[in-house]
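Residue-level structural notes
Read off the chains here:
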Amino acid sequence: EVQLVESGGGLVQPGGSLKLSCAASGFTFSRYAMSWVRQAPGMGREWVSGINSDAGSTSYADSVKGRFTISRDNAKNTLTLQMNSLKPEDTAMYYCAKYSVAGLQLGRDLLRYDYWGQGTQVTVSS
């Protein structure tokens, strides 16, 4: 059974930092691209960042480029998102998601992701 469990969310002041983690199990983690996706209250899901299976390629939404860093540890089946210079508009539930196709490709189309975690809440407020 595929499981994705996020952690690390919380309340932080504008300009602060948080590090999110996603523990993966139930599949061969090293064979699949992974992404972080967020959903703000009343809004649809927004792709934030992705990393391909061997960590050779990463991609970021323009809204977080230069502030967020995605990484993965295939030996530990863990995905992380380091978030710096946080803004109130970063407030959202953050989900990790598994790409549906094994290989080196990386995509932003949320329909291509087949498993999602339960999410971890990030709130940026003074």
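Refer to the structure printed above.
I will try to describe carefully the structure that is included in this document. (Residues numbered from 1 in each chain as written. Predicted model: local features only at pLDDT ≥ 70, side-chain atom pairs only at ≥ 80, totals over all residues. Heavy atoms only, no water.)

If you look at soluble globular proteins, the nonpolar side chains tend to sit buried side by side. Ranked by internal contacts, the top residues of the largest apolar core, which has 34 residues, are Phe27, Trp36, Phe68, Leu79, Leu81, Met83 and Tyr94. Among the secondary structure elements, those contributing two or more residues to this core are β3 (18–25), β4 (32–39), β5 (45–51), β7 (68–73), β8 (78–83), β9 (92–102) and β11 (120–124). (Core = buried A, V, L, I, M, F, W, Y, C linked by side-chain atoms within 4.5 Å. Buried < 20%, exposed > 50% of the residue type's maximum accessible area, 1.4 Å probe, protein only. Helix = DSSP H or I, 4+ residues; strand = E, 2+ residues; numbered from the N terminus.)

Attention now goes to the side chain of Asp90. Turning to its location among the elements, Asp90 is positioned in the loop between β8 and β9. Side chain to side chain, Asp90 and Arg38 meet in a polar contact 2.9 Å long. Leave out the neighbours within four places in its chain, and Asp90 touches Arg38, Arg67, Phe68, Ser85, Val122 and Val124. (Polar contact = N/O pair within 3.5 Å; in protein donor to acceptor, adjacent residues only side chain to side chain. Contact = heavy atoms within 4.5 Å.)

To continue, consider the packing of aromatic side chains. Scanning the entire structure with this criterion turns up 3 aromatic pairs. Seen from their ring centres, Phe27 and Tyr32 are 5.8 Å apart, and the 75 degrees between their planes marks the pair as edge-to-face. In this arrangement the basic side chain of Arg45 is found over the ring face of Tyr95, its NZ or CZ atom lying 4.3 Å from the centre. When the ring centre of Trp116 is taken as origin, the NZ or CZ atom of Arg45, which lies over that ring, is 4.5 Å away. (Phe/Tyr/Trp six-rings, centres within 6.5 Å; stacked < 30°, edge-to-face > 60°. Lys NZ or Arg CZ within 6 Å of the ring centre and 35° of its normal.)

Of the two faces of strand β1 (residues 3–7), the one lined by Leu4 and Glu6 is fully buried and the one lined by Gln3, Val5 and Ser7 carries no buried residue. Note: β1 against β3, 5 bridges, orientation antiparallel. By the bridge assignment, Gln3 is partnered in β3 with Ser25. (Pairing = 2+ DSSP bridges.)

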